[in-house]
Amino acid sequence: VAISTPAPPEIRTVTLSIDGQELTVPEGTTIWTAARDAGIEIPVLCHDERYDPVGVCRVCAVDVGGRVLAAACVRPCEDGMEVKTATPDVERQRETLTRLLVADQPAPEEDAKETTTGDNELFELARRYGVEREDGDAGALPCGSGRGSDFSNPVIAIDHDACILCDRCVRACDDVQGNDVIGRTGKGYTTRIAFDLDDPMGESSCVTCGECVAACPTGAITNKPLHEVPIRPREELKQVDTVCPYCGVGCALTYHVDEERGAIAFAEGRDQPGNKGRLCVKGRYGWDYARSPQRLVTPLIRRDDAYPKGPLSADVRGEGRGRKKPGGLVDYDEVLPHFREATWEEALDLVGERLRTIHGEHGAGAIAGFGSAKCSNEEAYLFQKLIRAGFGTNNVDHCTRLCHASSVAALFEGVGSGAVSTTYGDIINADVAILAGTNTTANHPVASSFFKQARRRGTKLIVVDPRRERIADHADIYCQIKPGTDVAFYNGVMHEVIARGLTDREFIAARVNNYGDVAKVVKEYPPERAAQICGVGADVIREVARLWGEAGAGVIYWGMGISQHTTGTDNSRCLIAMCAITGNVGKPGAGLHPLRGQNNVQGASDAGLVPMFYPNYQPVEDVANRERFETAWGRELDPARGLTVTEIIGAALHGSVRGMYMMGENPFLSDPNINKVRKALSALDFLVVQDIFLTETAEFADVVLPATSYLEKDGTYTNTDRRVQLGRKVLDPPGQARPDWEIISDVANRIGLPMDYTSPSEIFDEMVSLGTDYAGLSYDNLGSTGKLYPNPDPEHSDGTVVLFDDHFGTDDGRAHLVAAEWMPARELPNDEFPFVLNTGRLLEHWHTGSMTRRSFALDAISPRALVFVHPEDAAELGVGEGDMLRVTSRRGSIEIETRISHRETRGSCFIPFHFREAAANVLTIDAIDPVGKIPEFKFCAVRLERAGSPVAAGVDA
Amino acid sequence: MTAVGKAPGTEARAGRFPGPSLIPALTAIQREHGWLPREELLKLAREARRPLYEIQGIISFYPHFRTEPRPRVELAVCGDLSCWLRGSEERIAELRARYGDDVDVEVREVSCLGRCDRAPAVAVDEQPAGIDDTDALVASAKERMLEHAGADTAGGPWPNDPYAPGVPRYQMLRRALAGDLASDDVVGALEDAGLRGMGGAGFPTGRKWSLVAAQPADRPRYVICNADESEPGTFKDRQILATQPHLVLEGMLLGMLVTGAEEGWVFIRHEYGPEEQVIRAELAELESQGLMGEDVLGSGRRLRIEVFTSPGGYILGEESALIECMEGHRGEPRNKPPFPGVQGLWGQPTLMNSVETFAHVPVIVDRGAEWWRAQGANGGAGLKFFAVSGHVERPGVYCVPMGTTVGELIEQAGGVIGGPEALRAVQPGGASSNFLGPDVLSVPLDFKPLAEAGSMLGSGALVVVAEGTDLLAAATNVLRFFRNESCGKCVPCRLGSQKAHAILTSLLAEGGGAADVDDRIVQLEETMRLTSICGLGQVALGPVLSVIGLDRGATAARPHPRPAS
């Protein structure tokens, strides 16, 4: 797909000599870069090509014939310049600078870097210049007084004595990650790096992304070892190049594995076109869950005396008040005795027999399966094949239903593809970017770093969200809409775009259907009316419209704030129309990008783990499709689309679904109105749960199968950008845990669907052969950084960044707009339930917390359930920071600790849904979007009341 | 997309924070509370959507900001060279003994107050005074009865003022606005006059003006008057500000007309409170005469000058540090190039001259380059202000012909205390200039002769040192000043000044002298001189080297770097 790019401006060059070599370089090239490219090495400490130069360490000083030396890292080449990089005079200064720095350093045998990864760049320079810290040395300089240390962060250690104030961490924190936490404090010799207002790192606004650790050349900022696995030089460890298991950004990383201990020592970001070596706290520090002693290592069968089925934990039964250990995950001591260990044979036989029996007695529709967006493409493919071909039903779905189902529905309808039309990194080419309903710094932290960086390089950032999240601090325009008023806001913007004549008429004529309908509807949303509904000033709406309409390239990134509404599909339709009427699709820096949540939610959907599509989005109700898959799989298939996640729960409650296979999903905590989920799970005749931990859902299981974690198997994962990457086995599985794909195969064989795959790559090939999007991709050509799909030439190309450059994926190749009228949320606040409850995630936690709450770092940073309340609301409620609030909706009630937050809208509160002890989904409403079937997680009415007394810190289990 | 343009060589941290400077907001908080309470800082960061560390970086860098409540009385005392020569060590010890237990009084040793003619100098609640007046001022300050005296306007009328008393001022400006004086003529006069920067660097003024004027027309330009002289022994600009504000401002306004700037600032050190009032009064006078505003005298030109009060620190006299400060950052000098004339305030071409440079412009334009050149002596051109301090009978500011000899200037200042024979050494150009011996009485005070003698004209501050003074101790005192005022940005200056000071203090404590200074100092001096980002680090050890003897690689043998201000 060819994208025409404007011709680059003419580059002027300068000619100079470096150490006698004549060189011609583009104007603006620094001496250091020119020398490096010519094979001349100039030593540096503060300089690192990842960051713009600052020229503070002066080690790169070179002779340019001036009165003083010049810092090569920052000094541009000039015509006729004669540079000498290594004269004795120059080298003597470097030696002295090294001597000055070493004088205040800890001894190498005490240095936090030299004694771990062993790559302290200052000591390396000291060895080169023969500088040692010996007090008897004639050239020795007085040693400075201790500047202290800071161990307040659970995973990062700060030693100010080892700091050379190179500003690398400052630049990494600001310019790379955009977190803006580290700076210099003080002046002169007493200058130190500091966090925020010189606060302890662990109490500052630092998000522990670890980019500063990756940046630091000395022992000043280092990783602390986790679980006493020592950090050693890289060459003593095994490097496994793989992908982060958490979010849809899919950062490439390397685990450094201690093979003797069978454990990961530390993780580092890897250079891949998407994440460019960056990681967030979850990726860099959140991998130790795999070594948790709570891993399931043996198949389990529910004991006879644990029937009739119901939740096994007292608190889930509603008896939690007197719980001796409040908070935390499933209490194994309480739950495990209700199961007995079994052999794989026994457990699998039981699963096969029970599911077969239910299938035989109640028909195909009585079986349903939940796969997982955390499993690989291969496992997703295999799981849906098992349900579809093995049981003859399309009742297979996964958590995509809970995140972007409405976005995908609108995208399919509008542009004929559920995938993103461009990448998150393409924002750098955008004049304007709208971030709609996405708490991107928490949920897609590394993608957000590219958003922040683009803004610093001139992209106008418009953030639309009821919560003033951290990304709003970086916005050129922040629109704090009232919850549930997105349609009104975007209609108002489009009204103004059209009124100002800022539409792309040519694009509309050539490529858009139904423009007239949209124009007609948005005509009824003049900015004043939109403002009345959404609470954003009419002048701000006009300004957004002007910016958006005038942008040469505009892109929209959105998250669950758009999709998790009963109007989620309408919300997305508005965004599609926003792009289509301004011609902002199909060119660099323009397009539509629903930021996918799970690491493999894109891939799981691609692989057909949804009730309405076979792999590659081939509708199950299309006869030709069905016949093709019937041929491929050798079984008759269900001609009707299956039930979605929320519908399956309803069907279980009413007895039409009786047997379920749950692979890596924990709907008990993740689905809305979990009291209803609890009843539904209890009502099932048979439930098999395949997971790595004993989840809340597993409490309702008849059989629990121990699966391998992400780190213990090979497979491919497709990120939000459509990048298909190889995840490689890092560790051996514990106990008898087995890869999901093997377990699925064994179950399949027991219900009469033969599966004899020998490797994930074989499954991948089969999946690829049944669709077009992944065509050409194979394990052999994914390489170390994966490939974007579609990819016509995977041997040579990274793949397609921008889709739809000349036509959309719809039947006629045109965008099909659907106009949307604003409708209020399903359950509005009233006197009895006056607050709006919004739910979502925290940076440190992942969904139901089964992984992240077992990670030392993530749990230490964020150990407790919290409700975020605006300071003025808190004052009216009479609660302070840390006080307990009782939050009650029409469906249930929880008690939860208060966090005063300036980021909330008045009258709204926010509860992350990770914490079973104060589960947000006890409160949420299970009303769904009529098209996408996604629940309205972002809006329900609640009451807040003061409850109990303040909780002391550290009450978590 | 639109990329934010940066000149080649612009370092990553320069101009780092978008949006307006937070310094005014911080100053406002401090004015309201007397200090900076944490809650207020959190609120400021939240409302301005700026990182907390940016605030921390600023408030920890500038001495003006306090993070704890202020005492009832702030007594600032100076122990830098001119005060040190006048016995500040003992006097400060006395003050500490007297007020050490007084909870109402905070005795704080600060860097040079610019009152070296009253050495040892103090300031009570920012009111400058000689140390003898301390007790009376502290007593009134305790009672909240402290009266802030006006600026010291001693000296003058000076020969560089073309306006006799009573004669209407700003005539050059009026002529230029009326179109009777072309920019080229102004620049031509400055070039022909051979006027060079009087802040220390000595860059030809006419060339600087035409360089800024020649920048692309679509870029706004700014003019800044650097009134931040802060080097020990240097206080001549103070007296010019006090007595010739009209010349400084007219020079600036001419600079604005020539370069096409609409906005200008007088960046003045906060210790010059009384002088700042004089400038503000003169700005009001300009306003009342219609010489500032949107369309000055119907010329179609917009001209506006404001005062920017420095939040403190000698380093701000360095031009790029000054710009960083005005932009709201830590006052850390930038790597150069690019120079401010090309990429200055907010990335735009910026003309920056010192107080004295601007003050000389009107008379040169009025009377012509030839007249100006004729004012010099011994081959020098024009007039030169000197601050004379140390061991002389009448410390003060003197305006003399450029090229006046060291001996003549000392005579004007009443001679060396203890007689001519008592002269031990002089620092002819402020703290950053090398010490010269008593053999230099006949050397003309001018750029070239002083450079040939192994020192420099520098900031126009002649510090006289009499016999009985330990020169190594004096030079170490100068080094202490530079160590205290180092911004900490680059390694050689941050660490070199500290290590060298530690080495020398212990040497002095052990009774060592110049002969005992070892090669570590010699090497540190070379490294600091050759690799520091700005003049402060480059010169910090020069004075020390200058007292250890020519045979050990000292002053005359070395090219003298440019000073910081």
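Residues numbered from 1 in each chain as written. Chains lettered and ligands numbered in written order. Predicted model: local features only at pLDDT ≥ 70, side-chain atom pairs only at ≥ 80, totals over all residues. Heavy atoms only, no water.

K.L.:
Please explain the overall build of chain A as it appears in this structure.
P.N.:
Scanning chain A for helices and strands turns up 29 helices and 38 strands. Here the C-alpha radius of gyration of chain A, 29 Å, is about what a compact globule of 957 residues would show, namely 30 Å. Its C-alpha atoms give chain A principal-axis dimensions of about 90 × 65 × 65 Å. For chain A, the proportion of its 957 residues judged to be buried stands at 66%. (Helix = DSSP H or I, 4+ residues; strand = E, 2+ residues; numbered from the N terminus. Rg over C-alpha atoms; globule rule 2.2 N^0.38 Å. Buried < 20%, exposed > 50% of the residue type's maximum accessible area, 1.4 Å probe, protein only.)

K.L.:
Sorry, what's going on with the sheet that holds strand 23 (residues 591-594) of chain A here?
P.N.:
Backbone-to-backbone hydrogen bonds join strands into a sheet, with any given pair of strands oriented parallel or antiparallel. All names here are of chain A. Judged by pairing direction, the sheet is parallel, and its five strands sit side by side in the order 20-19-18-22-23 without closing on themselves. The sheet terminates laterally at strand 20 (477-479) and strand 23, the two strands that pair on one side only. Within this sheet the neighbouring strands show an average axis-to-axis angle of 15°, counted without direction. As judged from the three bridges shared by strand 19 (residues 460-464) and strand 20, these two strands associate in the parallel manner. Bridge pairing links Val464 to Cys479 in strand 20. (Pairing = 2+ DSSP bridges. Axes fitted to C-alpha atoms, helices over the stretch in contact; angles between N-to-C directions.)

K.L.:
I'm lost on the environment of Lys482 of chain A in this one. Help?
P.N.:
In this structure, Lys482 of chain A sits in the loop between strand 20 and helix 14 (486-499). Sequence-wise, Lys482 of chain A and Phe370 of chain A are 112 residues apart; in three dimensions their C-alpha atoms are separated by 34 Å.

K.L.:
Help me out: how do you make sense of the side chain of Thr718 of chain A in this one?
P.N.:
Residue and element names in this part refer to chain A. Looking at where Thr718 falls in the secondary structure, it is placed in strand 29 (residues 715-718). There is a polar contact of 3.0 Å between the side chain of Thr718 and the side chain of Asn377. Here the side chain of Thr718 touches Tyr774 through a polar contact of 2.8 Å, side chain to side chain. (Polar contact = N/O pair within 3.5 Å; in protein donor to acceptor, adjacent residues only side chain to side chain.)

K.L.:
Sorry if this is basic, but what is going on with the state of the cysteines here?
P.N.:
Disulfide: a covalent bond connecting the sulfur atoms of a pair of cysteines. All names here are of chain A. A complete count under the given rule lists zero disulfides over all chains for this structure. No disulfide involves Cys77; its sulfur sits 12 Å from the nearest other cysteine sulfur, which is in Cys60. Exposure remark for Cys77: the relative accessible area of 4% places this residue in the buried category. The thiol of Cys479 is not disulfide-bonded; the next cysteine sulfur, from Cys534, is found 7.8 Å away. For Cys479, a relative accessible area of 0% translates into the label buried. (Disulfide = S-S within 2.5 Å.)

K.L.:
I tried to follow the nonpolar core on my own but got confused; where do I start?
P.N.:
In globular proteins that are soluble, nonpolar side chains generally tend to be buried together. Counting 200 residues, the largest nonpolar core has Ile221 and Leu711 of chain A as its most contacted members. No other element matches helix 9 (residues 377-391) of chain A, which puts eight residues into this core. Those residues in contact with Leu711 of chain A, other than ones at most four positions away along the chain, are Tyr255, Ile264, Trp287, Tyr289, Ala290, Lys729, Val730 and Leu731 of chain A. Counting 178 residues, the second largest nonpolar core, distinct from the first, contains Leu81, Ile240, Leu495 and Leu536 of chain B. (Core = buried A, V, L, I, M, F, W, Y, C linked by side-chain atoms within 4.5 Å. Contact = heavy atoms within 4.5 Å.)

K.L.:
Teacher, can you tell me more about the side chain of Asn719 of chain A here?
P.N.:
Residues and elements named next belong to chain A. Within the secondary structure, Asn719 sits in the loop between strand 29 and strand 30 (723-727). Take Asn719: its relative accessible area is 2%, and that puts it in the buried class. Here Val249 takes part through its backbone oxygen, which lies 2.9 Å from a polar atom of the side chain of Asn719. A polar side-chain atom of Asn719 sits 2.8 Å from the main-chain amide nitrogen of Asp721.

K.L.:
Sorry if this is basic, but what is going on with the confidence of the model for chain A here?
P.N.:
Parts of the prediction with low pLDDT should not have their coordinates interpreted in detail. Residues and elements named next belong to chain A. For chain A, mean pLDDT is 94; residues scoring 70 or higher make up 96% of the total. Here residues 321-326 is modelled with pLDDT under 50, and outside its nearest four sequence neighbours on either side it reaches nine contacts, counting other chains as well. Across residues 949-957 the pLDDT falls below 50, and counting only partners more than four positions away or on other chains, this stretch makes 15 contacts in the model. (pLDDT = per-residue confidence, 0-100.)

K.L.:
Would you explain a negative patch on the surface in this entry?
P.N.:
Negative charge collects at one region of the surface, where Asp756, Glu762, Asp765, Asp780, Asp793 and Glu795 of chain A lie side by side. Along the chain, Asp765 of chain A falls in helix 27 (residues 760-769). (Patch = residues over 30% accessible without salt bridge, like charges linked within 9 Å, V, L, I, M, F, W, Y side chains within 5 Å. Areas by Shrake-Rupley, 256 points an atom, 1.4 Å probe, with all protein chains shown as cover. Salt bridge = Lys/Arg side-chain N within 4 Å of Asp/Glu carboxyl O. Lys, Arg positive; Asp, Glu negative; His and termini not counted. Charge placed at Lys NZ, Arg CZ, Asp CG, Glu CD.)

K.L.:
Could you clarify how one ought to interpret unusual backbone geometry in this entry?
P.N.:
Across the chain, the bulk of peptide bonds are trans and the bulk of non-glycine residues have phi less than zero. Tyr789 of chain A connects to Pro790 of chain A through a cis peptide bond whose omega is -10°. By the secondary structure assignment, Pro790 of chain A is in the loop between strand 31 (787-788) and strand 32 (815-816). The step from Ala119 of chain B to Pro120 of chain B runs through a cis peptide bond, and the omega angle for that step is -10°. The residue Pro120 of chain B is located in the loop between strand 2 (105-110) and strand 3 (121-124) in this model.

K.L.:
Explanation requested: the interface of chain A and chain B in the structure shown.
P.N.:
By a widely used convention, the size of an interface equals the accessible area lost when the partners come together. Contact residues are listed per partner, giving 69 residues for chain A and 59 residues for chain B. Buried surface at the junction of chain A and chain B, both sides included, amounts to about 5100 Å², of which 57% is carbon and sulfur. The three residues of chain A that bury the most area against chain B are Arg67, Lys187 and Leu197 of chain A, which together make up 16% of that side's buried surface. The interface formed by chain A and chain B contains five salt bridges. Of the charged contacts, one joins Arg38 of chain B and Asp199 of chain A as a salt bridge, the two residues approaching to 2.9 Å between their closest N and O atoms. The interface formed by chain A and chain B includes 31 residue pairs in polar contact (both at pLDDT 80 or more). Where the side of chain A that touches chain B is concerned, the elements lending two or more residues are helix 2 (88-103), helix 4 (168-176) and strand 8 (182-185) of chain A. Residue contributions to the side of chain A that touches chain B peak at seven residues, all from helix 2 of chain A. Per-class residue counts for the side of chain A that touches chain B are 31 nonpolar, 16 polar and 22 charged. (Buried area = accessible area lost by both parts, 1.4 Å probe. Nonpolar A, V, L, I, M, F, W, Y, C, P; charged D, E, K, R; others polar.)

K.L.:
I'm lost on the sheet that holds strand 31 of chain A in this one. Help?
P.N.:
Residue and element names in this part refer to chain A. One open sheet holds the three strands; their spatial order is 29-30-31, and the pairing between them is antiparallel. Across the chains shown, the open sheet's two edge strands, defined by having one partner strand only, are strand 29 and strand 31. Strand direction decides the pairing type here: strand 30 and strand 31, joined by two bridges, are antiparallel. When the bridges of strand 31 are listed, Val724 appears paired with Lys787. With respect to the sheet, helix 9 is in contact with strand 29 and strand 30, its orientation differing from that of strand 29 by roughly 95°.

K.L.:
What is the right way to read the packing of aromatic side chains from this model?
P.N.:
Describing an aromatic ring pair means giving the distance of the ring centres and the angle of the ring planes. What the rule picks out here adds up to 30 aromatic pairs over all chains. Between Phe267 of chain B and Phe308 of chain B the ring centres are 5.3 Å apart and the planes differ by 10°, which places this aromatic pair in the stacked class. Here Phe267 of chain B, found in strand 6 (residues 263-268), pairs with Phe308 of chain B, found in strand 7 (residues 304-309); they are 41 residues apart in sequence, far enough to count as distant. Each member of the pair, Phe267 of chain B as well as Phe308 of chain B, carries the same accessibility label: buried. Taken together, the ring pairs connect Tyr381, Tyr614, Phe629 and Trp633 of chain A into an aromatic cluster. Positioned over the ring face of Tyr307 of chain A is Arg302 of chain A, at 5.7 Å from the centre of the ring. In this arrangement the basic side chain of Arg738 of chain A is found over the ring face of Trp344 of chain A, its NZ or CZ atom lying 5.1 Å from the centre. (Phe/Tyr/Trp six-rings, centres within 6.5 Å; stacked < 30°, edge-to-face > 60°. Lys NZ or Arg CZ within 6 Å of the ring centre and 35° of its normal.)

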